[in-house]
Structure formats: structure tokens, C-alpha cells
Amino acid sequence: MIKNVANMAISGLLVAVGLLSGLLSPLVSAQEPIVQEQQYLAIFQGDNHAQQIQAIETLIISGPQDVAVYDAIEASLKRSLASATDKHAIDYSSWLAKGLGYAGNEKYRATLTQIVEGDYHKKLRKYANEGITNIGQYAIWNPILHTPTHADLPPRLNAYSNALSSNDLILIRIAAKRIMHEREYSEVMLTQLSEQLTQPRLLDDSRLAIDTYAWLAKALASSGNDKFNAVIEDMANNAANKKLRSYAKKYLKTYF
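Residues numbered from 1 in each chain as written. Predicted model: local features only at pLDDT ≥ 70, side-chain atom pairs only at ≥ 80, totals over all residues. Heavy atoms only, no water.

**Q** Teacher, can you tell me more about the overall build of the protein chain here?
**A** Helix and strand counts for the protein chain come out as 14 helices and 0 strands. Counting every position in the protein chain, which comprises 256 residues, the buried fraction comes to 49%. Summarising the internal contacts of the protein chain: among those between residues at least 6 apart in sequence, 65% fall at separations of at least 24. For the protein chain, the computed accessible surface area is about 12,300 Å², with 53% contributed by carbon and sulfur atoms. (Helix = DSSP H or I, 4+ residues; strand = E, 2+ residues; numbered from the N terminus. Buried < 20%, exposed > 50% of the residue type's maximum accessible area, 1.4 Å probe, protein only. Contact = heavy atoms within 4.5 Å. Areas by Shrake-Rupley, 256 points an atom, 1.4 Å probe, with all protein chains shown as cover.)

**Q** Before we go on, may I ask you to explain the packing of aromatic side chains in this structure?
**A** A ring pair, where both rings are aromatic, is described by two values, the distance of the centres and the angle of the planes. Counting across every chain of the model gives 5 aromatic pairs. Arranged with centres 4.9 Å apart and planes meeting at 55°, the rings of Y102 and Y138 form a pair that is tilted. Residue Y102 is found in the loop between α6 (87-100) and α7 (109-116), and its partner Y138 is found in helix α8 (residues 122-146); the two are separated by 36 residues along the sequence. Ring pairing ties together the aromatic residues Y102, Y138 and W141, which thus form one cluster. (Phe/Tyr/Trp six-rings, centres within 6.5 Å; stacked < 30°, edge-to-face > 60°.)

**Q** Looking at this structure, how should I read the packing of helix α9 (residues 155-165) against helix α10 (residues 169-181)?
**A** Two numbers describe a pair of packed helices, the interaxial angle and the distance between the axes. Axis separation between α9 and α10 bottoms out at 7 Å; the angle between their running directions is 140°. One element, α9, and the other, α10, form an angle in the oblique class. In this structure, α9 meets α10 at a crossing whose hand is left-handed. Along the contact surface, α9 presents Y160, A163 and L164, while α10 presents L171, I172, A175, A176, R178 and I179. Of the residues in the contact of α9 with α10, the class split is 8 nonpolar, no polar and 1 charged. (Axes fitted to C-alpha atoms, helices over the stretch in contact; angles between N-to-C directions. Parallel < 35°, antiparallel > 145°, perpendicular 65-115°, else oblique. Left-handed = near helix turned anticlockwise from the far one by under 90°. Nonpolar A, V, L, I, M, F, W, Y, C, P; charged D, E, K, R; others polar.)

**Q** Looking at this structure, I do not really get the layout of surface pockets. What am I missing?
**A** Over the atoms rolls a probe the size of a water molecule, and in doing so it shows where empty space is left. In this structure, the largest pocket spans a volume of roughly 510 Å³. Those elements giving two or more residues to the lining of the largest pocket turn out to be α4 (49-62), α6, α8 and α10. It is α8 that provides the largest number of residues to the lining of the largest pocket, a total of 7 residues. Counted by class, the lining of the largest pocket contains 11 nonpolar, 4 polar and 6 charged residues. (1 Å grid on protein atoms, 1.4 Å probe; cavity = no way out; pocket = protein on both sides within 12 Å on 5 of 7 lines; lining within 4 Å. Points joined across faces, edges and corners; volume = space filled by probe spheres on them.)

**Q** It is not clear to me how the packing of α9 against helix α11 (residues 187-198) should be interpreted in this structure. Could you clarify?
**A** Two elements in contact, α9 and α11, have axes separated by 10 Å at closest approach and are oriented at 5°. Taken together, α9 and α11 sit at an angle that is classed as roughly parallel. Contacts between α9 and α11 pair L157, Y160, S161, L164 and S165 from the former with V188, M189, Q192, L193 and Q196 from the latter. By residue class, the composition of the contact of α9 with α11 is 6 nonpolar, 4 polar and no charged.

The structure is reproduced here in C-alpha cells:
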């Protein structure tokens, strides 16, 4: 799906980066939710599809709670359906459908169900169905992500921290991927990644657990911060799982 929208995304990348860097910047904690909501609204009430796709990617773990943002996504999705016939238009509508589910709000189920049951391209129906699944999943995750556990952190980092501290391996893995993708290498995030690796409380031999801890290690190592080199070295030498040792050795060569 990402590959299909690459050309469209590149065309608006420079503008999108400017807005999204504002979305993701560590502003004053008490002000950030309002600022985020205004910026998201500006994007989803506009007509720059590349910006909207990039913004949806950030909603996966640290999106605003304001229903107005998701109402704007729903409105954009409905407008897009009439022209969702060529590849790029279908991909754009699919992103909106998937992202709408991040609200975790049942009010959007009807819109997504109409797409799933309608005469639309199979890819769009697939992602609308994923959006429906996301509604149920994020109804569980959003209370975890948005609990104000860390009053000293802006809401975005609070959400990442809450995800990493959760007992949900999928949510932890998503957080690790987003931290790496956004290059969120603040001391507080790197320290928490390190703590998860030195005290692997959820690690077992399941594929999900191994993959999750590999992503935690990759996110930490990708910072290139020598302070945490020893954590990756310890995993490379002493991890009980052979795959994790192999991953850690690879990250040592790649990032340090």
C-alpha cells in the first residue's frame, strides 16, 4: 500500500514535513493537545492527500482524542469514495478508512461497514474492514495510550511511554517502530527502550515476543548512542534466544 502511494507522497513531502514536524514537536505539555488538534484539523480539512496520508501514520499511537479530527477524516473519506476508481485514489481512500478506526469510536462503524458491503474496489473494502477491526482494538488501546502517567512529558511521549510499559506486545512493537521511524531519540525514550531490553518481562519463545524485542533493540541501536551500546552487546552475547542474539549482532555492526 505504501509503495502504491509513494509518488503521490513524495510530491507533497516538503510541505508535509513542515506541518508534521509541528505535530510531533515536544511542545509545552499543557498546550500540545490543542495545538495538535488544530494542526490535524488543518490537514484533514484540506485537500493535500500526501499530507493526510503522512498524518494518518502518526495517528497509529499518538493521535489526538478530539472527535472533531476523526469527523474530518470521515468527511474526507466520504468525499473520496466517488472518485476511488484509479490506483492512487483507491490507496488514498484506503488510508482514510484504516485511519478512521484509530479513533476507537463506534460512531464510525456504520461508515466503514457501508464501504465493506458496498460496490468498491477490493483493496478499499479490505482496509475499511481493517478500520472496523481497529475500532475495537483502539477502544482498548486509547485509554492506555492517553492515560496521563507522565505529567513531565508531552502527550506524544507520554503515549509512547505508556505503550512501552503496557502488557501488550503488539502495542509495544508499534511504539518501537514509531520511535525509530520518527527518530525520537530523546534520553527519556532511549532509557525506556533500554529498560525494556534489560528487563524483558514479556519475552518468551513466541514469534511475536521475539519480533517485538528485536524491534525494541533495533529502535535503541538505531539512535547510535554509545551510552546504550552495552545493552545491545549484552543481548548479542547473552540473549537466551538465538534469533535475538543474531539480530543484536547485526544492529551492532549497522549502527555502532
